Structure formats: C-alpha cells, structure tokens
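Take a look at the letters that make up each chain.
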Amino acid sequence: MRKLVKSVLAAALTASVVISLPAVAYADGDDAEAVKKKSYETAPDTDSLRGWPEGPKVYAGAAIIMDMDSGAILYGKNIDEKRYPASITKLLTALVAVENSGFEDEIVFSDDSISFLEYDDAHIGMKPGEILSMKDALYGLLLASANEVAYAIAENVGEKMGGGYDTFIQAMNDRAAELGCTGSHWTNANGLHDENHYTTAHDMALIAAEVSEHQELLDIMQTLNYTIGTTNLVDETRTFQQHHKMLWQENSNYYEYCIGGKTGYTDDAGTTLVTMADNGQMRLAAVVLYDYGTDAYVDTRAMFDYTYSNFSKISLLEQEKPDEIRSYTDTEAYVVLPAGISYEDLEMEITVLDEKEGTGKVTYLYQGQNVGSTEVTLIPEYVQSATGYTTRLQINEKSAEFGKDIRADEGIPLWGRILIGAGAAAAVLAVLLILAILRHKRKKLRIRRRRQQMLAERRRRERRRTHDRQRRYEL
C-alpha cells in the first residue's frame, strides 16, 4: 500500500538542473590505478559508528547493503553521493511498467525508439513497426538490457497513461520520490549518459526493494536464457542471456543466495551493479556505483558475506513498546543489529502517515543510522500533539444552545439530556472502534498471507537450488 505523500521535493527532483557529479580524468594508466587504489582505501562510513563491525573495503565509489524489508542500512560508503546509474536505470523502468500495464499489452516500436541508437548500444535488433508483448519486452529489458526496448516500453506505457514518453519519465521521477528517493533525477528509461540523469546508492537500494516485491520481475531476473518468438515483421527468433554473473552457477562469481539484479556500464558511470539476495533469514539489496568491471562482483560478495556474518534480526514485539505506539502493523516487525548493540541503544523517529486513521511509521536509529522501520498504529494523544488533529467529539456553544431549546420544549430534564448525549457519544465511539479493529485485522491478514506466499516461494527456490547442487555433485 502506498502511503507516502508526494512532497515539494518531488517537483525539485524533476527539475532539469545540471549538477557536478564525482568524476575522474586519467592522463595515463598509472593515474587510473591510483584513483582505483584511493577508492579502495576509503573506509566505509559505517565504520565510524561506535561498536559497529568493521566493513570490507571496496573499489566502488559508492556502495550500500540494505535490508529490503525493514530498510535497515547495514553497510554504507558514500550512499547519498550522486552518481550516474547507467543501465541499472532499467529496474525503475520495469517497476513503473508493471505497475501501469499488463503482460499481454502490446509494445509497438516507433521510429523514435530505434533511431537514437548508436553502434555500440545494447539492443536486440527491433524494427520500426515491430510488436512485442509487454512480457517479452520486459525480458529484453532486464536480461539483454536492450535500449530500444526501454524506450519503446516508456513510449507505449506513457501513451496508456494518457501522454507519451515524457509522461513515463515523469512517472519514474514521481515513483522514486514516493519510495523515499531524495538524490535521484531521471531523464530517460535506459540509462544512457545524461548529465541530468543520476541517482544514489541508497535510492537504488530503495528501488531494488520495491522491485523485489513483484514476483513477476524476480522470475524474469532469475531467468538465464530467454527466446522471443517470431513477430509481425521478423520470422526468426531472438535468444539472449542473463548478464548478471552471480546468477550463473558455472561462473566463478556465482552467489548461491542471489535472487536477481541488474548490471550497467557507461564510460561516465563506470560499472554499476544492483544485486538482491535472500539467505532465508534476511533479504538484502546491494548496490555499487562507479566500480571497475568484475570488481563489482567481488565487492558485492564481500558486502553480502560481511552482513550475513555480523547482523541479525531483533523482533520489536519482544521489546518494550514505546508509549507513543499502540501497536505494530506487522506482527514480524524487527530491527537489524550487530552483536554488542541492543534495542535499548536505539532512538526513534515517528512520522504520522494518516492522522484520521492514527497510522504512522517508526524508524529506529543507532547513532543516526537507520536500523529498521515499520508501520504502526499510534495513540490518539500522540497524533494530536504531532498534528493538532483530535478524534474527540466537540460540541460548539451554538449547537449546544440550539439543542437545549429543542429538548426543553420536550420536557426532558438536564440530567436526562446529559445521559442521552453521553450514550450517543459512547455508541459512536464504539462503532468507530469496531471498524478500526476490523480494518486492522483485515490488514494483518493480508500481510500474513503475503508473507506466507513469499516464504513458500523462497522455500521452493531453495529446494530448486538444493536439487541443482545435488545434481551437479552426482554428475
């Protein structure tokens, strides 16, 4: 459920302003190696947290590990530094596409979707007037990283949304803002270099977490080979492969917990990589920006191993509940902490999401670092103190006076009128309470069913992985 309200910041993010992003210029190979070494020697920012386990050094200019379910940031290096994303842009393109179209929708390729391509751009050879299903187009987008497919998806879905290509790009910016992205601006759907097209490691982790909520996108990203059949203009099939090396068992970079991701590269962006992992205990998103070829995989593995070895979930329901919170919406709400740091060491920030419903979001912090957030139901007193909104019944003097005149004619004594008013108020409050309880139970049931489905899917994937490992051993 989307509860974040678009703010003025969303408009600011969509303004076309040229910014100066971190960049390097090399006079020769030695300079390049010196810059790479300096980046590697730069310690992660999370190392400065008191009692936090020392994280691995990485070649990436910016990097993050985030728990996808709680938003906890467990490893960070320049996570809010603006960088060029390259083709990991296509994760946001895919997200906006699936949320605004169906798999059977037609994607028609226009002249514009083809003519911008240059000789070395990733593509799958589509022709003007050719038609793919959205399903095939998404495979071409996420596996082959085809730039003309990204453009065509944006153009066609934008038309379905009542506009065109620019409408889709605006939707990308709006959706990113809804997810809490604060350092991104998107000008195209494919990630080809543009000075106004940038993101941050943290923003990409937020986008990856939302992408992971769509099983249809996870299924696509976990596919190693895919064939698009003949089309209205081409009688031959097209077959392409997954580019993310951590998904290939035969590759030295294979990572058994990897459940999806996206690669990217341009001269200005360097190597960019988003990887999602699930070990059955925590679902993590890893992002590296401005990395160096296969070093991106080495960095990503080191960050995953570090996180899975040093951090664990702490159930919030087993801790003393803050006075401001009536209940946690998620019965499995948790924070993520390393050994030696406890719940008592944390501070919290509360955001009211809906003052009428009394719902909010609590974020737990350790020395300013987000270690987990979850939605909550707040006590009315806190909502009133934070927003000025109150659920208490109020009777103004004119209304009371008007009611007094009418009831006096009926001969009802003052004490009787007081009892009647109190009874009516109690009845209204009782009805409101019952409705609130029913809504809360329905929401909990939906969350429980969703998590059960996700858990079942994780178990199926683990069984498939176990079967594949056994089969390799037997062979």
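Just so it is clear, the model here is predicted, and its values are computed rather than measured.

A.B. asks: How should the overall build of the protein be read in this particular structure?
C.D. replies: Within the protein, the regular secondary structure consists of 13 helices and 15 strands. Evaluated residue by residue, the protein yields a buried proportion of 47% over its 475 residues. Taking all contacts inside the protein whose residues are at least 6 apart in sequence as the whole, residues at least 24 apart take part in 63%. Surface summary for the protein: the accessible area is close to 23800 Å², and the carbon and sulfur share equals 50%.

A.B. asks: Looking at this structure, how should I read the side chain of asparagine 370?
C.D. replies: Inspection of the secondary structure puts asparagine 370 in strand 15 (residues 369-378). Here the side chain of asparagine 370 touches glycine 71 through a polar contact of 3.5 Å, landing on its backbone oxygen. For asparagine 370, the side chain forms a polar contact with the main-chain nitrogen of glycine 372, separated by 2.7 Å. Sequence-distant contacts of asparagine 370, that is, excluding residues within four places in its chain, are made with Gly71, Ala72, Ile73, Thr363, Tyr364 and Leu365.

A.B. asks: I'm lost on the sheet that holds strand 13 (residues 347-354) in this one. Help?
C.D. replies: The strands that make up a sheet are held in pairs by hydrogen bonds between backbone atoms, and each pair lies either parallel or antiparallel. Strand order in this open sheet of 4 strands is 11-15-14-13, and the pairing throughout is antiparallel. The open sheet has two edge strands, strand 11 (325-328) and strand 13, and neither has a second partner. Pairwise comparison of adjacent strand axes, ignoring direction, gives a mean angle of 40° for this sheet. Pairing of strand 11 with strand 15 involves 3 bridges; the strand directions are antiparallel. Note that in strand 15 the partner of serine 327 across the bridge is threonine 377. Here helix 11 (residues 380-387) sits on the sheet in contact with strand 11, strand 13 and strand 15, set at roughly 85° to strand 13.

A.B. asks: Please explain the side chain of asparagine 156 as it appears in this structure.
C.D. replies: Looking at where asparagine 156 falls in the secondary structure, it is placed in helix 6 (residues 147-160). At a separation of 2.7 Å, a polar atom in the side chain of asparagine 156 contacts the main-chain carbonyl oxygen of alanine 152. Discounting residues that sit within four places of it in the chain, asparagine 156 has contacts with Glu106, Ile107 and Val108.

A.B. asks: Is there a simple way to think about helix 6 in this case?
C.D. replies: Since one α-helical turn is 3.6 residues long, residues separated by three or four positions face the same way. With 14 residues, helix 6 should reach 20 Å at 1.5 Å per residue; the first-to-last C-alpha distance of 20 Å fits that figure. Counting buried residues in helix 6 gives 12 out of 14 residues, a clear majority hidden from the surface. If you follow the buried residues of helix 6, they end up packed against helix 3 (89-99), strand 3 (106-108), helix 4 (112-115), helix 5 (134-142) and helix 7 (165-178). After helix 6 finishes, the residue glycine 162 shows a positive phi value of roughly 100°.

A.B. asks: For this particular structure, what's the right way to read the packing of helix 3 against helix 5?
C.D. replies: When two helices pack together, their arrangement is given by the angle between their axes and by how far apart the axes lie. Between helix 3 and helix 5, whose axes approach to 10 Å, the crossing angle comes to 165°. Classified by the angle between their axes, helix 3 and helix 5 sit roughly antiparallel to one another. Crossing hand, helix 3 versus helix 5: left-handed. Residue-level contacts link Lys90, Leu91, Thr93, Ala94, Ala97 and Val98 of helix 3 to Met134, Leu138, Leu141 and Leu142 of helix 5. Tallied by class, the residues present in the contact of helix 3 with helix 5 amount to 8 nonpolar, 1 polar and 1 charged.

A.B. asks: Looking at this structure, I do not really get the pattern of salt bridges. What am I missing?
C.D. replies: Opposite charge on two side chains makes pairing possible when the charged atoms of those side chains draw close. Tallied over the entire structure, the rule returns 10 salt bridges. With a shortest N-O distance of 2.7 Å, aspartate 295 and lysine 36 are connected by a salt bridge. Note that aspartate 295 is positioned in helix 10 (residues 295-310) and lysine 36 in helix 2 (residues 29-41), a separation of 259 residues in sequence. In this structure, the salt-bridge partner of glutamate 99 is arginine 175, at a minimum N-O distance of 2.8 Å. Separated by 76 residues along the polypeptide, glutamate 99 in helix 3 and arginine 175 in helix 7 bring together distant segments of the chain. Take glutamate 99: its relative accessible area is 21%, and that puts it in the partly exposed class.

Quick notes on the rules
Residues numbered from 1 in each chain as written. Predicted model: local features only at pLDDT ≥ 70, side-chain atom pairs only at ≥ 80, totals over all residues. Heavy atoms only, no water. Helix = DSSP H or I, 4+ residues; strand = E, 2+ residues; numbered from the N terminus. Buried < 20%, exposed > 50% of the residue type's maximum accessible area, 1.4 Å probe, protein only. Contact = heavy atoms within 4.5 Å. Areas by Shrake-Rupley, 256 points an atom, 1.4 Å probe, with all protein chains shown as cover. Polar contact = N/O pair within 3.5 Å; in protein donor to acceptor, adjacent residues only side chain to side chain. Pairing = 2+ DSSP bridges. Axes fitted to C-alpha atoms, helices over the stretch in contact; angles between N-to-C directions. Expected span 1.5 Å × (residues − 1). Parallel < 35°, antiparallel > 145°, perpendicular 65-115°, else oblique. Left-handed = near helix turned anticlockwise from the far one by under 90°. Nonpolar A, V, L, I, M, F, W, Y, C, P; charged D, E, K, R; others polar. Salt bridge = Lys/Arg side-chain N within 4 Å of Asp/Glu carboxyl O.

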